[in-house]
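Okay, here's what each chain looks like letter by letter:
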Amino acid sequence: MKSKSVSDAIKSRMSVRAFTKDPVERDIVMSILNLSARAPSGTNTQPWKVYALEGDILQDLCTKVCAAYDNIAINPDLALEYQSEYDYYPSKWFSPYIDRRRENGWGLYGLLGITKGDKEKMHAQHRKNFEAFGAPVCLFFTIDKELGRGSMLDYGMFLENIMIAARGEGLATCPQAAWNDYAKIILPLIGANKNEMLVCGMALGYADQHELVNTFHTPRVSADEFTTWLK
Ligand SMILES: Cc1cc2nc3c(=O)[nH]c(=O)nc-3n(C[C@H](O)[C@H](O)[C@H](O)COP(=O)(O)O)c2cc1C
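Residues numbered from 1 in each chain as written. Predicted model: local features only at pLDDT ≥ 70, side-chain atom pairs only at ≥ 80, totals over all residues. Heavy atoms only, no water.

(A) Structural view of the overall build of the protein. Regarding its fold elements, the protein presents 8 helices and 4 strands. The linear arrangement of helices and strands in the protein, starting from the amino end, is α-α-β-α-α-α-β-α-β-α-β-α. Reported as C-alpha extents along the three principal axes, the dimensions of the protein are approximately 55 × 40 × 40 Å. Looking at the 231 residues of the protein, the share that counts as buried comes to 39%. Intrachain contacts of the protein at a sequence separation of at least 6 include 84% that bridge at least 24 residues. Just so you have it, the protein exposes about 14,200 Å², and 54% of that area is on carbon and sulfur atoms. Taking the 26 positively charged and 28 negatively charged side chains of the protein as two groups, their mean positions are separated by 4 Å. (Helix = DSSP H or I, 4+ residues; strand = E, 2+ residues; numbered from the N terminus. Buried < 20%, exposed > 50% of the residue type's maximum accessible area, 1.4 Å probe, protein only. Contact = heavy atoms within 4.5 Å. Areas by Shrake-Rupley, 256 points an atom, 1.4 Å probe, with all protein chains shown as cover. Lys, Arg positive; Asp, Glu negative; His and termini not counted. Charge placed at Lys NZ, Arg CZ, Asp CG, Glu CD.)

(B) Quick look at the UniProt feature "domain: Nitroreductase" (unreviewed entry) in the protein. As annotated by UniProt and renumbered to match this structure, "domain: Nitroreductase" (unreviewed entry) occupies residues 10–206. Strand forms 15% of residues 10–206 and helix 43%; the C-alpha atoms that close the span are 17 Å apart. (UniProt positions renumbered as here; feature names shortened; annotations may be inferred.)

(C) Geometry of the site of the ligand. Near the ligand there are 15 residues, and of these Ser-15, Arg-17, Ala-177, Ala-178 and Arg-220 occur at the shortest range. Contact distances for the ligand include 2.8 Å between a nitrogen atom and a backbone N or O atom of Ala-177. Contact distances for the ligand include 2.8 Å between an oxygen atom and a side-chain N or O atom of Arg-220. For the ligand, the protein covers 76% of the area, taking 620 Å² as the surface of the free molecule. Of the residues forming the shell around the ligand, the biggest block, 3 residues, is contributed by strand β3 (residues 172–176). (Near = heavy atom within 4 Å. Polar contact = N/O pair within 3.5 Å; in protein donor to acceptor, adjacent residues only side chain to side chain.)

(D) The sheet that holds strand β2 (residues 137–144), seen in detail. Pairing is antiparallel in the open sheet, where 4 strands are placed in the order β1-β2-β4-β3. Of all strands in the sheet, those with a lone pairing partner are β1 (49–54) and β3, marking the two edges. Averaged over all adjacent pairs, the angle separating strand axes in this sheet is 25°, with direction ignored. Bridging between β3 and strand β4 (residues 196–205) involves 5 bridges; their strand directions are antiparallel. For Ala-172, the partnering residue across the bridge sits in β4 and is Gly-205. Across the sheet, helix α3 (residues 55–74) touches β1 and β2, and the angle it forms with β1 is around 95°. Of the strands in this sheet, β1, β2, β3 and β4 touch helix α6 (residues 150–168), which is tilted by about 160° from β2. (Pairing = 2+ DSSP bridges. Axes fitted to C-alpha atoms, helices over the stretch in contact; angles between N-to-C directions.)

(E) Summary view of the side chain of Ser-151. Looking at the element boundaries, Ser-151 is found in helix α6. Apart from the residues within four sequence positions on either side, Ser-151 is in contact with Pro-47 and Ile-143.

(F) Quick look at unusual backbone geometry. In the segment running from Ser-95 into Pro-96, the intervening peptide bond is cis, with an omega of 0°. Here Pro-96 lies in the loop between α3 and α4 (97–111). Even without a glycine there, the phi angle at Thr-43 is positive, about 50°. With respect to the helices, strands and loops of the structure, Thr-43 is situated in the loop between α2 (26–36) and β1.

(G) Spatial organisation of the state of the cysteines. In this structure the tally under the stated criterion is 0 disulfides. The closest cysteine sulfur to the non-disulfide-bonded Cys-138 is located on Cys-62, 6.8 Å from its own sulfur. Exposure remark for Cys-138: the relative accessible area of 0% places this residue in the buried category. As a non-bridged cysteine, Cys-200 has Cys-138 as the owner of its nearest cysteine sulfur, 9.2 Å distant. (Disulfide = S-S within 2.5 Å.)

Set out below in structure tokens:
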């Protein structure tokens, strides 16, 4: 269902991890991207660059990344070959972030009946990232490596706009940093130049309402807790 108001779109956005096979028209994607590019950016630098993949090339990319991911499970040393070009997460976790991360991860796995130590099921669930969760379109975002950290702030605004604008078209999304470790495979395949760094991917399509995974709703800390009023 299309979201009719901004608050509706914000509230109904969630990370969808199972999509229907229904195709998404290019015109709709382009209109979402044009709208999203209204995002602000420092001195209007607009640091975004988007690669929209569908069909055979998306399938090919998924096959290659899935193969690399499976190989790492067999030989963990291979993980060193596949690393994100930037730190999305801290190298050492700490409270309260680690607690929220655990709550999120185990909440999702718990819903799916995946218990601690069930490595095969965990592998299979995480692997779905590299099938873009079955979405017909996957967007890949890059940024020029020479830009400053502030440009990543701009990028986040652009990405959120895409996710909200998608709701206005009845579409669902899942932002995906999981792809970042496989930049080495992805960047040449999409034709990025050597100045480009992979920011993240984003699965885009129609949510499969019959899939249990899409009933996973995440909590938020209330504004009362994270806001300090000063007068
Ligand atoms: C930049 C970014 C990268 C993310 N990467 C992944 C990912 O690789 N795989 C995944 O399943 N979810 C990913 N997520 C989704 C988060 O887990 C999710 O946003 C968070 O748990 C809150 O849930 P919600 O999006 O459903 O509100 C990512 C979110 C963001 C913002």
